[in-house]
Amino acid sequence: MLKLEHVSKTFNAGTVNEKKVLDDINLELNEGDFVTIIGGNGAGKSTLLNLISGLHPLDCGTIILDQENISLQPEYQRAKKIGRLFQDPMLGTAGDMQIIENLALAKRRGQHRGLAWGVDKKEKEEYYQLVKTLGLGLEDRLTSKVGLLSGGQRQALTLLMATLQKPKLLLLDEHTAALDPATSSKVLTLTKDIIAKQNLTALMVTHNMKDAIEVGNRLIMMYNGHIIYDVKGQEKQQLTVEDLLHKFEEASGEEFTNDRMLLG
Ligand SMILES: Nc1ncnc2c1ncn2[C@@H]1O[C@H](COP(=O)(O)OP(=O)(O)OP(=O)(O)O)[C@@H](O)[C@H]1O
Ligand SMILES: [Mg+2]
């Protein structure tokens, strides 16, 4: 479903601030793969997701999504195929629009229908049922402005929006990190449910090593612009946090440093 070949990225090339952030990344995901990504601060995790979604151009290499070479496609074109959630719950939804308007926009993503997007009764009912599955009581507040929602409610809604039209790929960059523990766990459960139900292909960066082990079918560890560990299936399920720390030290020759991860 996704294939990265020889993908590299250097920021501020040719200046004193030059930094090679991704170095010859090769990665292949099958349809339905749910991959968790961990790594130290500045390892290149967010940059990897940013390159896939087209926020930054590639220096070299190729990105193939569902047999289509998207390496040179602009971000807005990739956004029709790639759903995305960030750490910041403010991103991904329009705060000054109603819940139902946000959903209607997500539903019409990629369509050229101008402003003619009245929501009929049937569609309203569809959103009511969909939002109800979140278990947050938001189905009775469909006309509330999204700006009034809590971070967790907003992130849950963003998740619905990103998957309303089945994306070929779902990118999650520490999307539960800014939420309190109970809400974070709720949003993660929701994430797992939606991914399983739609058999989505997904990459999820997390700073929680336990989650990284328990969630998904494959785990990738990054260090200094490289993938230093890639494990799946049974072997992944049997990992412990200690194993991960050990693997990291073995592959990098350094101690694991990720402030959020260690504090978590
Ligand atoms: N737009 C940019 N311009 C210059 N440098 C950048 C840019 N984006 C990221 N970097 C640098 O690239 C490196 C990797 O950053 P990235 O955000 O990908 O790390 P990360 O693995 O997501 O780390 P964290 O766990 O802290 O989120 C860092 O040194 C960062 O400062
Ligand atoms: Mg990051």
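Whatever comes next refers back to the structure up there.
These notes cover the structure that comes with them.

Cut-off values and rules
Residues numbered from 1 in each chain as written. Chains lettered and ligands numbered in written order. Predicted model: local features only at pLDDT ≥ 70, side-chain atom pairs only at ≥ 80, totals over all residues. Heavy atoms only, no water. Pairing = 2+ DSSP bridges. Helix = DSSP H or I, 4+ residues; strand = E, 2+ residues; numbered from the N terminus. Contact = heavy atoms within 4.5 Å. Axes fitted to C-alpha atoms, helices over the stretch in contact; angles between N-to-C directions. Salt bridge = Lys/Arg side-chain N within 4 Å of Asp/Glu carboxyl O. Buried < 20%, exposed > 50% of the residue type's maximum accessible area, 1.4 Å probe, protein only. Near = heavy atom within 4 Å. Polar contact = N/O pair within 3.5 Å; in protein donor to acceptor, adjacent residues only side chain to side chain. Areas by Shrake-Rupley, 256 points an atom, 1.4 Å probe, with all protein chains shown as cover.

Observations concerning the sheet that holds strand 1 (residues 2-11)
Step number 1: The strand order 2-1-4-5 describes an open sheet built from 4 strands, whose pairing is antiparallel. Every other strand in the sheet has two partners, leaving strand 2 (19-29) and strand 5 (68-69) as the edge strands with one partner each.
Step number 2: For strand 1 and strand 4 (residues 60-65), the ladder comprises 5 bridges, and the chain directions are antiparallel. Its bridge partner lying in strand 4, Leu2 is registered against Leu65.
Step number 3: Packing of helix 1 (residues 45-53) onto the sheet brings it into contact with strand 1, strand 2 and strand 4, and relative to strand 1 it is tilted by some 115°.

A closer look at the pattern of salt bridges
Step number 1: Following the criterion strictly, the structure yields 9 salt bridges and no others.
Step number 2: The partner of Lys81 in a salt bridge is Glu68, with the nearest N and O atoms 3.2 Å apart. Taken together, the residues span a long stretch of sequence, with Lys81 in the loop between helix 2 (75-78) and strand 6 (82-85) and Glu68 in strand 5 at a distance of 13 residues.
Step number 3: Notably, a salt bridge pairs Glu126 with Lys107, separated by 2.8 Å at the nearest N-O pair. Residue Glu126 is located in helix 4 (residues 121-132), and its partner Lys107 is located in helix 3 (residues 99-107); the two are separated by 19 residues in the primary sequence.
Step number 4: Under the relative-accessibility criterion, Glu126 is labelled partly exposed at 35%.
Step number 5: One network of salt bridges, in which partners are shared, links Asp33, Arg218 and Asp230.

A look at the site of ligand 1
Step number 1: Taken together, 16 residues sit near ligand 1, with Lys19, Gly42, Lys45, Ser46 and Thr47 positioned nearest.
Step number 2: Between Gly42 and ligand 1, the recorded distance is 2.9 Å, taken from a backbone N or O atom to an oxygen atom.
Step number 3: In this structure, Ala43 approaches ligand 1 through a main-chain N or O atom, which is 3.1 Å from an oxygen atom.
Step number 4: Contact with the protein chains hides 66% of the accessible area of ligand 1, taken as 640 Å² for the molecule alone.
Step number 5: Only strand 2 and helix 1 provide two or more residues apiece to the shell around ligand 1.
Step number 6: The dominant element in the shell around ligand 1, judged by the number of residues it contributes, is helix 1, at 3 residues.

Purely geometric numbers; function is a separate question.
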